[in-house]
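Residue strings, one per chain:
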Amino acid sequence: MTRHQVDPRALSEGDLARHLLTVRGVQWMNGDRGAPLALLLRDHAVDRAAVHAGLRAGSPLRQTDLDVWVTGGHATAAAVLAEPGLTVRDARAARRRRRGYTLGAGATVKHVIAVDDTVFGLEAEDTARVAALVRPLVAGADPAAVGAGYRDLAAVPDGPFDLITDFARPGTAAALAALFGLPEGVRTRYAALVGDTVPVLDALLCPPTLAATRALTTAYDGIAEDVDRLVKDGATPFGEAGEAGDVRAGYLLPLVAGAQLGVRLVHGTVTALLAEPGAWAAVHDDPALVPAAVDETLRHDPPLRIVSRIASADTRIAGLPVAAGDQVAVLLDAAGRDPAAYTEPDRFRPDRTDRAEPPALADPAFRLLTPLLRLLAYEAVTALAARAPRLAHAGPAVRLPRTPVTGAVVRCPVTTG
């Protein structure tokens, strides 16, 4: 069970701090004993490729604790995410959000923070209803309007700038605000708050610091407050009316999770193209090459690296018994580089012909967001390549600590060349 997943708003500063520190300490100790999932979740000086290779060399589903399983194989990842008996949240524990984790808990650490179950804890059937609202909006979007913010930000003077703080993050916020038709005041507030929600997906599995947790919930609640007002007023960008809860999730999932994943996909695509000789110049000369580069990034460096499921009943995965309440973690980035599914899996090859579906697309929430993420990344990369055909790195990228789920990047100095 995930009975120690807490709502930070329900705990005092002291209780929340103890919860976060205890989970952090247990993940650290489990990593020290070589538990693969703990090594990844503690997110410190870990060779992810080596951990992935070790997992793939053994059983397709590895038991890393008494009731915790992990897989990095493409076929097993797909099987896990298609299994109806494995759910996003533990229904038996969903109402208990005040019980912090302690060393005497008598349970393993599974899920850590619950920011909003009604948005980030959607099951497949819930996600399908929200997708029915969001997908037509994205499909009917005017790319020029969505990409206007990226083009404005790309018009920088020659010289150095930061790919994340000067371009990808503000450009993505502007694109999402335009797509969802946020009123001017709401748009300004959203742009100011969304940066503090960077660890929203990571906090499920890796405890942020106390300060980062409070900043996350404060920023999210501010964005949600504005969305709730829009929903109450009947202001919706969706073509057809839906239930209020679905409309709310249709706003918040893209505006918050979509924003963070979009920034990561923009960064991952630009970085991969700069690493391949001639690739950046090629997309400058022919923007039609950008979609394939974005799709290859979804496999090669997905913005969502890990998803977790909880067994709602006894089941079998890859021939192994998974008991009710067990956790199964899927390493999407490892599955995307599985040699059993791809030739030269570690190479970034937008022209590859072995296009097995990236494992991340088997996750319903990520699949819902994928058309939006593709649109954002295409507009961003196209705008930047048009402005800076000689773009180059000007220093090492800086990752945000404790973000093993998304690999969030907070700084990436580049220059127009």
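Scroll up for the structure.
Residues numbered from 1 in each chain as written. Predicted model: local features only at pLDDT ≥ 70, side-chain atom pairs only at ≥ 80, totals over all residues. Heavy atoms only, no water.

(A) The arrangement of the nonpolar core in detail. Judged by nonpolar contacts, the single largest core of 125 residues is most densely connected at Phe167, Phe180, Leu182, Tyr190, Tyr251 and Trp280. It is helix H11 (residues 244–275) that contributes the most residues to this core, 16 residues altogether. (Core = buried A, V, L, I, M, F, W, Y, C linked by side-chain atoms within 4.5 Å. Buried < 20%, exposed > 50% of the residue type's maximum accessible area, 1.4 Å probe, protein only. Helix = DSSP H or I, 4+ residues; strand = E, 2+ residues; numbered from the N terminus.)

(B) Focus on the pattern of salt bridges. Scanning all chains against the criterion turns up 30 salt bridges. Two residues, Asp65 and Arg33, come together in a salt bridge whose shortest N-O distance is 3.5 Å. Taken together, the residues span a long stretch of sequence, with Asp65 in strand S1 (residues 62–65) and Arg33 in the loop between helix H1 (13–32) and helix H2 (36–42) at a distance of 32 residues. Of the charged contacts in the structure, one is a salt bridge between Arg309 and Asp363, with a shortest N-O distance of 2.6 Å. With Arg309 in strand S5 (residues 306–311) and Asp363 in the loop between helix H14 (332–335) and helix H15 (364–387), this residue pair connects regions lying 54 residues apart in the sequence. Here the two residues Arg309 and Asp363 agree in accessibility, since each one is buried. One connected set of salt bridges, linked through shared partners, spans Arg189, Glu225, Asp226 and Arg229. (Salt bridge = Lys/Arg side-chain N within 4 Å of Asp/Glu carboxyl O.)

(C) Region of the structure containing the environment of Gly325. Summarising the element assignment, Gly325 is placed in the loop between strand S7 (320–322) and strand S8 (327–331). Gly325 sits 11 residues away from Asp314 along the chain, and the two C-alpha atoms are 8.3 Å apart.

(D) Geometry of H11. Here H11 contains 32 residues, and its C-alpha end-to-end distance of 45 Å stays within 8% of the 46 Å for a straight helix at 1.5 Å per residue. A maximum bend of about 40° is found in H11 at Gly258. By the criterion of burial, H11 is predominantly enclosed, with 27 of the 32 residues buried. (Expected span 1.5 Å × (residues − 1). Bend = angle between axes of the 7 residues up to and from the residue.)

(E) Highlighting the packing of helix H13 (residues 290–300) against H15. Across the interface, H13 lies against H15 with an axial gap of 9 Å and an inter-helix angle of 130°. Relative to H15, H13 is oriented oblique. The interaxial crossing formed by H13 with H15 has right-handed handedness. Here Val290, Pro291, Val294, Asp295 and Leu298 of H13 lie close against H15, whose contacting residues are Phe366, Thr370, Arg374, Ala377, Tyr378, Val381 and Thr382. (Axes fitted to C-alpha atoms, helices over the stretch in contact; angles between N-to-C directions. Parallel < 35°, antiparallel > 145°, perpendicular 65-115°, else oblique. Left-handed = near helix turned anticlockwise from the far one by under 90°. Contact = heavy atoms within 4.5 Å.)

(F) Structural detail: empty space enclosed by the protein. Under the criterion given, the structure shown has three cavities of 30 Å³ or more. The space that makes up the largest cavity amounts to roughly 500 Å³. As for the largest cavity, its lining consists of 33 residues, of which Val88, Phe120, Gly121, Leu201 and Leu204 are closest to the centre. At the level of elements, helix H5 (117–120), H11, S5 and H15 are the ones that each hand at least two residues to the lining of the largest cavity. (1 Å grid on protein atoms, 1.4 Å probe; cavity = no way out; pocket = protein on both sides within 12 Å on 5 of 7 lines; lining within 4 Å. Points joined across faces, edges and corners; volume = space filled by probe spheres on them.)

(G) Just the packing of helix H6 (residues 124–139) against H11, in detail. One way to put it is that H6 packs onto H11 with a least axis distance of 9 Å and a crossing angle of 70°. As summarised for this structure, H6 and H11 are arranged roughly perpendicular, according to the angle between their axes. Seen from above, H6 lies across H11 with right-handed handedness. Between H6 and H11, the residues in contact are Arg129, Val130, Leu133 and Val134 and Asp246, Val247, Ala249, Gly250 and Pro254, respectively. Grouping the amino acids of the contact of H6 with H11 by side-chain chemistry returns six nonpolar, one polar and two charged. (Nonpolar A, V, L, I, M, F, W, Y, C, P; charged D, E, K, R; others polar.)

(H) Focus on the side chain of His111. Looking at where His111 falls in the secondary structure, it is placed in the loop between strand S3 (86–87) and H5. Residue classification places His111 among the buried positions, given a relative accessible area of 4%. Polar contacts involving the side chain of His111 include one to the side chain of Ser308, which spans 2.7 Å. (Polar contact = N/O pair within 3.5 Å; in protein donor to acceptor, adjacent residues only side chain to side chain.)

(I) Representation of helix H10 (residues 210–232). Taking 1.5 Å as the rise per residue, H10 with 23 residues should run 33 Å; its terminal C-alpha atoms sit 32 Å apart, in good agreement. Where H10 is concerned, the buried positions are Thr213, Arg214, Leu216, Thr217, Ala219, Tyr220, Gly222, Ile223, Ala224, Asp226, Val227 and Leu230. Structurally, H10 contributes buried residues whose contacts are with H1, H5, helix H9 (184–193) and H11. Downstream of H10 by a residue or two, Gly234 has a phi angle that is positive, lying close to 75°.

(J) Seen up close, the sheet that holds strand S2 (residues 68–71). Pairing in this open sheet of five strands is mixed, and the strands run S1-S2-S8-S5-S3 from one edge to the other. Each edge of the open sheet carries a strand with a single partner, namely S1 and S3. Two strands pair when backbone bridges link them, and S3 and S5 are joined in this way by two bridges, in the antiparallel orientation. Residue Leu86 lies in a different strand from S5, and its bridge partner there is Ala311. (Pairing = 2+ DSSP bridges.)

(K) Quick look at the sheet that holds strand S12 (residues 413–415). Read across the open sheet, the three strands follow the order S4-S12-S9; overall the sheet is antiparallel. The two strands at the open ends of the sheet, each matched to only one other strand, are strand S4 (160–162) and strand S9 (392–393). Pairing geometry for S4 and S12, over three bridges, is antiparallel. Within S12, the residue paired with Phe161 across the bridge is Val414. Along the sheet face, helix H8 (residues 163–179) touches S4 and S12 and points at about 55° away from the line of S4.

(L) Region of the structure containing unusual backbone geometry. Of note in this structure, Ala318 is not a glycine but carries a positive phi near 55°. Note that Ala318 resides in the loop between strand S6 (315–317) and S7. One non-glycine residue with positive phi stands out, namely Arg402, at about 60°. With respect to the helices and strands, Arg402 occurs in the loop between strand S10 (398–399) and strand S11 (409–411). The exposure class assigned to Arg402 is partly exposed, which follows from its relative accessible area of 22%.

Shape descriptors only; they carry no functional weight alone.
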